[in-house]
Protein chains: 2
Amino acid sequence: MSNSQHPHDPLVILMPSGRRGRVEPGTSLLDAARNMGVEIESICGGRLTCGKCKVRIEDGLFQKHGITSSQGHVSQPTKEEMELLQNMGSADCRLSCVAYVQGDILAFVPEESRAQKQIIRKSATERVIEVAPAIRKVYIKVDEAQLGDHRGDWGRVQDALREQWQVEAQTIDLLAMRKLQKALRDGRWKVTVTLWHDREVIDVRAGYEEGVYGLAVDIGSTTVVGHLCDLRTGQVLATESMMNPQVTYGEDLMSRISYVMMHSNGLEKQHKAIIDALNTLAARAAKAAGIRSNDIHEAVFVGNTTMIHIFLDCDPVELGGSPFAVVNRDPLDIKARDLGLRMHPGAYVHVLPAEAGHVGADNVGVLIAEEPYRMQDISLTVDVGTNAEIVVGGRDWMFSASSPTGPAFEGAQITYGMRAAPGAIERVRIDPATLQPRFRVIGEERWSDEWPMGPEVPLEDQPKHLASGICGSGIIEVIAEMLITGVILPDGRFNPNNPSERIVWKERKGNYTLATADQTTTGEPIYVTQSDVRNIQLAKAALYAGAKLLLLRAGMKKFDRVILAGAFGSYIDPKHAMVLGLIPDCDLSKVTAVGNAAGDGARIALVNRHKREEARHIARWVRSIEIAMDPIFQEEFVAAMHLPHASDSFPHLEGILPQADATPVGAGRERRSRSARQSGA
Amino acid sequence: MSNSQHPHDPLVILMPSGRRGRVEPGTSLLDAARNMGVEIESICGGRLTCGKCKVRIEDGLFQKHGITSSQGHVSQPTKEEMELLQNMGSADCRLSCVAYVQGDILAFVPEESRAQKQIIRKSATERVIEVAPAIRKVYIKVDEAQLGDHRGDWGRVQDALREQWQVEAQTIDLLAMRKLQKALRDGRWKVTVTLWHDREVIDVRAGYEEGVYGLAVDIGSTTVVGHLCDLRTGQVLATESMMNPQVTYGEDLMSRISYVMMHSNGLEKQHKAIIDALNTLAARAAKAAGIRSNDIHEAVFVGNTTMIHIFLDCDPVELGGSPFAVVNRDPLDIKARDLGLRMHPGAYVHVLPAEAGHVGADNVGVLIAEEPYRMQDISLTVDVGTNAEIVVGGRDWMFSASSPTGPAFEGAQITYGMRAAPGAIERVRIDPATLQPRFRVIGEERWSDEWPMGPEVPLEDQPKHLASGICGSGIIEVIAEMLITGVILPDGRFNPNNPSERIVWKERKGNYTLATADQTTTGEPIYVTQSDVRNIQLAKAALYAGAKLLLLRAGMKKFDRVILAGAFGSYIDPKHAMVLGLIPDCDLSKVTAVGNAAGDGARIALVNRHKREEARHIARWVRSIEIAMDPIFQEEFVAAMHLPHASDSFPHLEGILPQADATPVGAGRERRSRSARQSGA
């Protein structure tokens, strides 16, 4: 098709974009659209197979668009085209690849026919992501082998890719090459090839085949979450999560690193544990989505540096002490099979880059999901997990750091803690007058005070899940509510003067009854113990001190907004987070909870390859600071043990917290007396 | 160092090249040499470790070079340098990397210090090959990890490679990355990295280490030959050969392809057989060279297309019938571990390209070893093997083809045939008067008529090996000698009128006694049978017909020279080859026997990466022709069954062959009567 328009050439207008242009008669509508900058999807490249390029020719009076009628202005459909459209239930449409322009046309391009699809990230911060994955399938017609044509089957496939898709495929995976000859002959020289970055052919299948899938995984120290995505539409087809089985080797990063140092096969064991878990996760997600693990052609991974080291079977021992050297900071592309991952045999694994020794790919995931580096505002981004990553800054500069909070926020080290799974208490409210709690568990819509209980309740009305434990968001909410309602004091002790029946005293320590025996799966009550409160205090102190130190280093006293990320059940309620002192005091309307943003970042990098380049750039651009060894961090940590009270330091909590009527006990003294008790004194 | 020379700057002259130039005072002699285009070897890059860059400062009166004396014109050596030189036994030299120019200097660069070494291919056609392998080791000093330096260990290695060697290494093999952190710390931040094409780091070892090795392998249908080479010097350290274990699945290519078609695990079995054999071969070669298989960092493979398909675990079934489509024509680089080869875990395999369905990497190996494409002469290149590849042409055009000779030339299908191994008869002469043979076996220098035999001979004087069979070159020589001496007639029959005691008649068929019972390991005589003669006739007819047809297609009647390649024991004696009619008649002085040129080609591509590019280009440039299906080939084949006689068609054999005194029996009739016999008539 010539690009030079002639004033008598037919006019084509494409809705809903309204783009218009003149094209030579006989041009296919697909080519016409491409020339006008409207990308229509096509997998089969005009072979009447995929049906992805359908458009609706609009007819009637469209004088305002300059076209009176499209009738008769497009070539007649063939029987083959009509049958395909009828089978698709789209008899009112045409396939743009074989509909040729004969006169002025007004056509409508339906959403599903548009290439460069967009998905909207479903979270508090809605964001539009263009679907532009590293993996795609294309259908090609390959020249048949002939005596005297010495190109070889792979050479013929390369030529077909070049001619039909303008793709210069340089290599073919050995395993795909092994299947190539049979696929070509089984498919009568028509095959669907799967391309990685348009550079390498990683799969070949006979005939036409659609459906290309990827897995995005956040390897948390405590929880592993995977999203199985349709790489053509960008949609999440299944989300699966599981405990990181490495917890048996240590709950936090340091204990896992120690385990590697102390056991000659410690790395091997932990590496095998996570690979096995990932294989289970992939298989489950595939099953849930109705595909096979073998259909997964790419996976993107995020995780903290220790998790990524172990995932790669690299010794994490250097991360256990200063100067915390990572083996590799940059993004990696590795064959999944080299890691023992059971996906498609030619599948690649992409690992997002890290920023520093303890600010890993998970934080980069949060950053590319939330994009604080595009904002004029100065934001504080906090990703709460077994380690908390903290980033301060905006479009001109950013500082990041990692703080060792431990796994309490994820429900570990909590007496009745559990991971975010059906039956986990994820939301809690305590009535300030009666101190009676109500809660919601994952898997049951109704709050516990609306549960119809008793033998007379029909089965279908009973709660789908009783409570079996408390997950991360639940523990944050219940302890915040306990503080708000005065069950505990700002120093973390149970209020000895509170007469509520919900507070049970054992060995002079308070226990708050969150769920009664009839509300739980075990038939035993679920308590929040003094020790749980202490563990949350330690965790939140680490987080708060980290954020404080980073602000100090950035020379900042204030920030414009807070982004609160964390992968534990519900999004964290900003109010409760501030009540507990997880984040510095600020206007609550400026706090956004974004859930598992690290996992979202992995998903975004999976569906959009350009975001990987952005990640590589950002990871090097952010200035990472080591804080754990800083003496100021230790000071701030001790000071932050105290739970907030509505004072000068937390003016925004006024009206939420009660007046501190009990004299606060110094955190330092409390810690000393606690360790004194622990040592048997 | 500045490139702008000043007339008062010191003058440096390097011998033996005589290159001269002025350099700024304080320049190291190494840098001075580089600037003058003299490459001096250095592995450690000036760290006083490798000692590879030594030069001798010449002193005395050198007025003819413009320098009166070098005395005092070079910096004083440090104690460290002197110690290293003394340990190397080179106290009269200096290390050019730490010897700084202070005045006019005349220096001598010894052969072993020169980079861009050259090796001379030891064969009839001596050829100089520059040593420029794809693999090299470099020693680097890496920045120590420091708090706040977030590059990661791999990033620091990349920077060191860039700064110290101007190498942009893009990737590191996952297995090397796993060893990286420990190697850096064990080596106190000095490591030796192994680079593949200066692009990928495939190995890292603590501290300084030299020695980099590669394996070149020719996978023949019958015989597998491997050369283990020192990639720094280009020298062959060990050569090992073995039977291709696939022979149990069929002696020729077609029967192996049939085996794959008839057995569901036929490919798997044959693939495993060759991989196992290659692992044994590599281990043996490594042992012979005093290294481990793990020290082999690259391997280059040649072989016919069927052998390469099976080696890659690609189904060869398409090669079994027209249009003989190969899966891939181009050169390949594959991780050895993906093929199950036990070498260094990061090692690469390079497979030379093929020309066509039946003209494979082995022929490309012959071409890059012999370079007929550089000659103005038109040459006929014949590589004799289970399939014979034939190439006609010169620098302007070349045609190639493959002819199915079967394995007789390699000693298979021969009653007492064996591969080229100690004890194999490789040379034969028959006395025309007495018809007594004498022969030489591999592993024993003396001809058989010089063997002192009998119980009285001291052990050390006895032959190191008795005869245990006949290898390829032996069978060609003995049958040619039998024809020259009239033991057999031009139609291949044993001369019934020859009364020699050496000819034993069994069931009316002649047998020639080549070795008597006392000359063999078994204590039984070794015969050449009528059937052996027939098999050689069939093989030579295929070869001759192929060459004839190709000449016809090229529109040629004559050629200027013949290159005779083949991997069976000794080089083929051109005279005997022509006596048997393996090659068309021509001036014997224009025939060159070059031995296993395919294996030489693999070795050349191993030590010189530029030759791989040449191979890629040549493989596409040569025009390959399918001849086996051509009716003219069948005609020529039948006609060529006859053994040559000094007639119009072989004028150059006049005086070598006796007058054909027996009336020749038509080859066609002979074939019919033979098949009639075989069918029991």
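Position numbers for residues count from 1 along each chain, tracking the sequence in the order it is written. Ligands are numbered from 1 and chains lettered from A, in the order in which they are written. Per-residue local features of the predicted model are confined to residues with pLDDT of at least 70, and side-chain atom pairs are confined, for both listing and counting, to 80 or more; whole-chain, interface and lining totals are unaffected and use all residues. Where side-chain values are given, they derive from all heavy atoms of the structure, hydrogens and water being excluded.

1. What to know about the overall build of chain A
So, point 1. By definition, any uninterrupted DSSP run of H or I lasting at least four residues is a helix, any uninterrupted run of E lasting at least two residues is a strand, and each is numbered from the N terminus. For chain A, the count of helices and strands is 15 helices and 29 strands.
So, point 2. Dimensions of chain A along its principal axes, counting C-alpha atoms only, are 90 × 60 × 60 Å.
So, point 3. Every one of the 681 residues in chain A was classed for burial, and the buried ones make up 61%.
So, point 4. In this analysis, two residues are considered to be in contact whenever any of their non-hydrogen atoms come within 4.5 Å of each other. Sequence-distant contacts, at least 24 apart, represent 66% of the contacts inside chain A between residues at least 6 apart. Accessible area is worked out with a 1.4 Å probe on protein chains only. A residue is then buried under 20% of its type maximum, exposed over 50%, and partly exposed in between.

2. Quick look at the environment of S322 of chain B
So, point 1. As for its position among the elements, S322 of chain B is in the loop between helix 7 (305–311) and strand 16 (332–335).
So, point 2. Residue S322 of chain B is classed as partly exposed on the basis of its relative accessible area, which comes to 43%.
So, point 3. Once residues lying within four places of it in the same chain are set aside, the contact partners of S322 of chain B are L147 of chain A together with M629 of chain B.

3. What to know about the packing of aromatic side chains
Residue and element names in this part refer to chain B.
So, point 1. A pair of Phe, Tyr and Trp rings is counted when the ring centres sit within 6.5 Å of each other, with Trp represented by its six-membered ring. The angle between the planes then sorts it: under 30 degrees is stacked, over 60 is edge-to-face, the rest tilted. As enumerated under the stated definition, the model contains 18 aromatic pairs over all chains in all.
So, point 2. Ring centres of F494 and W505 lie 6.4 Å apart, and the angle between their planes is 75°; this geometry places the pair in the edge-to-face category. Note that F494 is positioned in the loop between helix 9 (472–484) and strand 24 (503–506) and W505 in strand 24, a separation of 11 residues in sequence.
So, point 3. Using a relative accessible area of 39% as the deciding quantity, one classes W505 as partly exposed.

4. Quick word on the environment of S293 of chain B
Residue and element names in this part refer to chain B.
So, point 1. Structurally, the position occupied by S293 is in the loop between helix 6 (266–289) and strand 15 (296–303).
So, point 2. For S293, a relative accessible area of 18% corresponds to the buried category.
So, point 3. As for S293 and P345, which are separated by 52 residues in sequence, their C-alpha atoms are 9.9 Å apart.
So, point 4. In this view, S293 contacts A282, A283, A286, R342, M343 and H344; residues no more than four positions away in its chain are not counted.

5. Description of the interface of chain A and chain B
So, point 1. Tallying the contact residues gives 42 residues for chain A and 41 residues for chain B.
So, point 2. Simply put, the buried area is the total loss of 1.4 Å probe accessible area from both parts when two parts are fitted together. Taken as a group, L147, H150 and R178 of chain A account for 21% of the area that chain A buries against chain B, more than any other trio of residues on that side.
So, point 3. Any Lys or Arg side-chain nitrogen located within 4 Å of an Asp or Glu carboxyl oxygen qualifies as a salt bridge. Linking chain A with chain B are four salt bridges.
So, point 4. For R185 of chain A, the salt bridge identified is with E318 of chain B, shortest N-O distance 3.0 Å.
So, point 5. We call two N or O atoms a polar contact when they sit within 3.5 Å, provided that within protein one can donate a hydrogen and the other can accept it, with sequence-adjacent residues counted only if both atoms are side-chain atoms. Where chain A meets chain B, there are 20 residue pairs in polar contact (both at pLDDT 80 or more).
So, point 6. The element best represented in the side of chain A that touches chain B is helix 4 (residues 174–186) of chain A, accounting for six residues.
So, point 7. Residues are grouped as follows: Ala, Val, Leu, Ile, Met, Phe, Trp, Tyr, Cys and Pro are nonpolar; Asp, Glu, Lys and Arg are charged; all remaining types, including Gly, are polar. A class-by-class count of the residues in the side of chain A that touches chain B yields 18 nonpolar, 10 polar and 14 charged.

6. Brief notes about the relation of the copies chain A and chain B
So, point 1. The copies were overlaid with a least-squares fit restricted to C-alpha atoms from residues scoring a pLDDT of at least 70 in each copy. Expressed as a screw operation, the relation of chain A to chain B combines 0.0 Å of axial shift with a rotation of 180°, fitting to an RMSD of 0.2 Å. Viewed as a symmetry operation, the transformation between the two copies matches a two-fold axis. Closest approach to the rotation axis within chain A is made by the C-alpha atom of D338 of chain A, at a distance of 4.6 Å.
So, point 2. When you check the interface residues of chain A against chain B, 98% turn up at the interface there too, and the contact is symmetric in its surfaces.

7. A closer look at the packing of helix 5 (residues 253–262) of chain B against helix 6 of chain B
Residues and elements named next belong to chain B.
So, point 1. Lines fitted to C-alpha atoms define the axes here, with helix axes fitted over just the stretch in contact, and angles between the N-to-C directions of these axes take values from 0 to 180 degrees. One can describe the packing of helix 5 onto helix 6 by two numbers: an axis separation of 6 Å at closest approach and a directional angle of 130°. Comparing the axis directions of helix 5 and helix 6 gives the class oblique. On helix 6, the residues that touch R256, Y259 and V260 of helix 5 are G266, L267, K269 and Q270. Each angle is binned into one of four classes, with values under 35 degrees roughly parallel, values over 145 roughly antiparallel, values of 65 to 115 roughly perpendicular, and all other values oblique.

8. A short note on the sheet that holds strand 20 (residues 398–403) of chain A
Within a sheet, neighbouring strands are paired by backbone hydrogen bonds and run either parallel or antiparallel to one another.
Residues and elements named next belong to chain A.
So, point 1. At least two bridges found by DSSP between two strands is the condition for calling them paired. Strands sit in the order 28-27-18-19-20-29 across an open sheet of six strands; the sheet is mixed. Edge positions in the sheet fall to strand 28 (591–595) and strand 29 (623–624), since each of these pairs with one other strand and no more.
So, point 2. Across four bridges, strand 27 (residues 561–566) lies against strand 28 in parallel orientation. Looking at strand 28, one finds that V562 is bridged to V591.
So, point 3. Its contacts with the sheet place helix 10 (residues 530–553) against strand 18 (379–384), strand 19 (388–393) and strand 20, and it is angled at close to 25° to strand 19.

9. Description of the pattern of salt bridges
So, point 1. Applying the stated criterion across every chain, the model contains 91 salt bridges over all chains.
So, point 2. The closest approach of N and O atoms between D338 of chain A and R337 of chain B, which form a salt bridge, is 3.4 Å. Taken together, the residues D338 of chain A in the loop between strand 16 (332–335) and strand 17 (348–351) and R337 of chain B in the loop between strand 16 and strand 17 (348–351) connect one chain to another.
So, point 3. Since its relative accessible area comes to 26%, R337 of chain B is described here as partly exposed.
So, point 4. In this structure, the salt-bridge partner of R616 of chain A is E613 of chain A, at a minimum N-O distance of 3.7 Å. With R616 of chain A and E613 of chain A both in helix 13 (residues 610–621) and three residues apart, the pair spans about one turn of that helix.
So, point 5. What makes R616 of chain A partly exposed here is its relative accessible area of 34%.
So, point 6. Via salt bridges that share partners, D143, D149, R151, D153, R156, D159, R162, E168 and R185 of chain A together with E318 of chain B belong to a single interconnected network.

10. Let's talk about helix 6 (residues 266–289) of chain A
So, point 1. Relative to the 34 Å expected for 24 residues at 1.5 Å per residue, helix 6 of chain A spans 35 Å between its end C-alpha atoms, a close match to the ideal helical length.
So, point 2. The first or second residue beyond helix 6 of chain A is G290 of chain A, which carries a positive phi of 80°. To estimate how far a helix should reach, multiply one less than its number of residues by 1.5 Å.

11. Considering the sheet that holds strand 8 (residues 135–141) of chain B
All names here are of chain B.
So, point 1. Spatially, the four strands line up as an open sheet ordered 8-10-11-9, and their pairing is mixed. Sheet topology places strand 8 and strand 9 (171–172) at the edges, where each strand pairs with a single neighbour.
So, point 2. Note: strand 9 against strand 11 (residues 200–206), two bridges, orientation parallel. Its bridge partner being in strand 11, T171 is matched across the sheet by E200.
So, point 3. Packing against the sheet, helix 3 (residues 152–165) makes contact with strand 8, strand 9, strand 10 (190–196) and strand 11, and its axis sits at approximately 100° to strand 8.
So, point 4. Contacting strand 9, strand 10 and strand 11, helix 4 (residues 174–186) crosses the sheet at an angle of about 30° to strand 11.

12. Quick word on the pairing of strand 22 (residues 437–441) of chain B
Residues and elements named next belong to chain B.
So, point 1. Only one face of strand 22 is buried: it carries P437, F439 and V441, and the other face, with R438 and R440, is open.
So, point 2. By the bridge criterion, five bridges tie strand 21 (residues 424–430) to strand 22 in an arrangement that is antiparallel. Across the sheet, R429 pairs through a bridge with R438, a residue of strand 22.
So, point 3. As consecutive antiparallel partners, strand 21 and strand 22 are separated by six residues, and within that stretch L435 has a phi angle of approximately 65°, a positive value.

13. Quick word on the nonpolar core
So, point 1. Counting 74 residues, the largest nonpolar core has I425, F439, V478, I479, M482, Y512 and V528 of chain A as the members making the most contacts within it.
So, point 2. Filtering out sequence-adjacent residues up to four positions away, I479 of chain A remains in contact with I488, V528, D532, V533, I536 and L580 of chain A.
So, point 3. Each nonpolar core is a collection of buried residues, namely Ala, Val, Leu, Ile, Met, Phe, Trp, Tyr and Cys, held together in the definition by side-chain atoms within 4.5 Å. Listed in part, the 73 residues of the second largest apolar core include F559, V562, M641 and F650 of chain B.

14. Points about the environment of G469 of chain B
All names here are of chain B.
So, point 1. Mapped onto the fold, G469 is located in strand 23 (residues 469–470).
So, point 2. Accessibility expressed as a relative area gives 0% for G469, which makes it buried.
So, point 3. The residues touching G469, leaving out its near neighbours within four places in the chain, are Y416, M418, G423, A424, I425 and I526.

15. Concerning helix 4 of chain A
So, point 1. Its 13 residues place the ends of helix 4 of chain A 19 Å apart at the C-alpha level, agreeing with the 18 Å of an ideal helix rising 1.5 Å per residue.
So, point 2. At L180 of chain A, helix 4 of chain A shows its largest bend, some 40°.
So, point 3. Among all positions of helix 4 of chain A, only L174, A176, M177, L180, Q181, A183 and L184 of chain A are buried.
So, point 4. The inward-facing, buried residues of helix 4 of chain A abut helix 3 (152–165), strand 9 (171–172), strand 10 (190–196) and strand 11 (200–206) of chain A together with helix 7 and strand 16 of chain B.
So, point 5. With a side-chain oxygen positioned 2.9 Å from the backbone nitrogen of L175 of chain A, the residue opening helix 4 of chain A is D173 of chain A.
So, point 6. Two residues or fewer after helix 4 of chain A comes R188 of chain A, characterised by a positive phi angle close to 50°. Across the chain, bend at a residue is computed as the angle between axes fitted to the seven residues ending at that point and the seven starting from it.

16. What to know about the confidence of the model for chain A
Residue and element names in this part refer to chain A.
So, point 1. Note on scores: pLDDT gives the predictor's confidence for each residue, bounded by 0 and 100. When pLDDT is averaged across chain A, the result is 87; 92% of the residues are at 70 or more.
So, point 2. For the stretch residues 662–681, pLDDT sits under 50, and the model shows 19 contacts to residues farther than four places along the chain or on other chains.
So, point 3. Under the prediction, the complex receives an ipTM of 0.83, its pTM being 0.83.

17. Some remarks on the side chain of D230 of chain A
Residue and element names in this part refer to chain A.
So, point 1. Position of D230 among the secondary structure elements: in strand 13 (residues 223–230).
So, point 2. In this structure the side chain of D230 is engaged in a polar contact, spanning 2.8 Å, whose partner is the backbone nitrogen of R232.
So, point 3. One polar contact links the side chain of D230 to the main-chain amide nitrogen of T233, over a distance of 3.4 Å.
So, point 4. Apart from the residues lying within four places of it in its own chain, the contact partners of D230 are V212, Y213, Q235 and L237.

18. A few points about the side chain of D585 of chain A
All names here are of chain A.
So, point 1. Its location among the elements puts D585 in the loop between helix 11 (574–580) and strand 28.
So, point 2. One buried charged residue, D585, remains without a salt bridge, the closest side chain of opposite sign being K540 at 12 Å.
So, point 3. Reaching out from D585, the side chain makes a polar contact with the side chain of H652 at a distance of 2.8 Å. Think of it this way: Lys and Arg go in the positive column, Asp and Glu in the negative one, and His and the chain ends go nowhere.

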